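An overview of the molecular structure
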Amino acid sequence: LLERELIPGWSGEVAGHRLTINRFGMRDWADRTREKPPGNCRLAVVGSSVVMGYGVGDDEVFTRLLEDRLNARRRAGDPRYEVLNFGTGMSYAIHRHVLIDRKVWGFDPDALVYVAHQDELLGPVQHLAKLVAKGDPLPYPCLAEVVRAAGVTPGKSLVLAEIQVRLQPYARDIVLGVYRDLVADCRRRGVRPVWVYVPMPGVVDAPARSAEMAGLAA
């Protein structure tokens, strides 16, 4: 369901920059704790390689810069801010739903910041198609509903490419189902859901449909 995770405790040079993963499998501070310190406000950021900070050094990752800036402007009585980085390269909506369930909630965030790009409607179709082709159990009812509607219920002898073709018209339904699940989970936990759309330069296989994507999130 996750397909890939960052290796806890790993450190090395990637694209000419130091990349360090802490004990929780996050590109984040080494002394980060799972338990939220009293009086702190936590923002949990999920997304792909841009959130993880691929191509920049540890001290240049935007979640660290944001945390520093928020705390630099604190006034008397303000909480100390923690901006937790749960970014993982090549991750899409279903990956993030699973990651949030398995890891993010354990850090007791006050806000969940979900970062999307132009490929928001492309990646989930490919991921769901692979799950169906392998016969893996689907973790969320919204995914099972899409699979039934597309006529690609597990057990049918369809090749991966055909499954993708049948699921593609339901790309919006897949993402909308994931968004609805996440918002419902946030409301149950008293967490503020935040959606951020960052069109990436140089992407040619998907247009930057900012208005459409913002409408879907709303």
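Keep in mind it's a predicted model, so treat the numbers as computed, not measured. (Residues numbered from 1 in each chain as written. Predicted model: local features only at pLDDT ≥ 70, side-chain atom pairs only at ≥ 80, totals over all residues. Heavy atoms only, no water.)

**Some remarks on the side chain of Glu82**
Assignment of secondary structure puts Glu82 in strand S4 (residues 80–85). We classify Glu82 as buried; its relative accessible area is 5%. In this structure the side chain of Glu82 is engaged in a polar contact, spanning 3.3 Å, whose partner is the side chain of Asn40. Those residues in contact with Glu82, other than ones at most four positions away along the chain, are Arg32, Lys36, Pro37, Asn40, Cys41, Arg42, Leu43 and Glu67. (Helix = DSSP H or I, 4+ residues; strand = E, 2+ residues; numbered from the N terminus. Buried < 20%, exposed > 50% of the residue type's maximum accessible area, 1.4 Å probe, protein only. Polar contact = N/O pair within 3.5 Å; in protein donor to acceptor, adjacent residues only side chain to side chain. Contact = heavy atoms within 4.5 Å.)

**A few points about the packing of helix H3 (residues 93–102) against helix H7 (residues 171–189)**
Orientation of H3 relative to H7, taken along the N-to-C sense of each, is 20°, at an axis distance of 9 Å. Judged by the angle between their axes, H3 and H7 are roughly parallel. You can see that H3 and H7 cross each other, and the crossing is left-handed. Contacts between H3 and H7 involve Ala93, Ile94, His97, Ile100 and Asp101 on the former and, on the latter, Ile174, Val178, Asp181, Leu182 and Asp185. Broken down by class, the residue content of the contact of H3 with H7 amounts to six nonpolar, one polar and three charged. (Axes fitted to C-alpha atoms, helices over the stretch in contact; angles between N-to-C directions. Parallel < 35°, antiparallel > 145°, perpendicular 65-115°, else oblique. Left-handed = near helix turned anticlockwise from the far one by under 90°. Nonpolar A, V, L, I, M, F, W, Y, C, P; charged D, E, K, R; others polar.)

**Overview of the packing of aromatic side chains**
Overall, the coordinates contain four aromatic pairs when judged by the stated rule. Ring centres 5.2 Å apart and planes at 85° place the aromatic pair Phe24 and Phe107 in the edge-to-face group. Within this pair, whereas Phe24 is found in the loop between strand S2 (17–20) and strand S3 (40–46), its partner Phe107 is found in the loop between H3 and strand S5 (111–116), the two being separated by 83 residues in sequence. Accessibility assignment for this pair places Phe24 and Phe107 in one class, buried. Against the face of Trp29 rests Arg64, its NZ or CZ located 4.1 Å from the ring centre. Sitting above the plane of the Tyr114 ring, Arg96 keeps its charged end 5.1 Å from the centroid. (Phe/Tyr/Trp six-rings, centres within 6.5 Å; stacked < 30°, edge-to-face > 60°. Lys NZ or Arg CZ within 6 Å of the ring centre and 35° of its normal.)

**A look at the packing of H7 against helix H8 (residues 210–217)**
Where H7 meets H8, the closest approach of the two axes is 10 Å, and the angle between their N-to-C directions is 45°. Taken together, the axes of H7 and H8 are oblique relative to one another. Packed against H7, whose contacting residues are Arg172, Val175, Leu176 and Tyr179, the element H8 presents Met213, Leu216 and Ala217 at the interface. Residue composition of the contact of H7 with H8, grouped by class: six nonpolar, no polar and one charged.

**Points about the sheet that holds strand S6 (residues 192–197)**
Taken in spatial order, the four strands make up an open sheet running S4-S3-S5-S6, and their pairing is parallel. Both edges of this open sheet fall to S4 and S6, since each of them pairs with a single strand only. Geometrically, the sheet is characterised by an average inter-axis angle of 20° between neighbouring strands, direction not taken into account. Bridging between S5 and S6 involves six bridges; their strand directions are parallel. (Pairing = 2+ DSSP bridges.)

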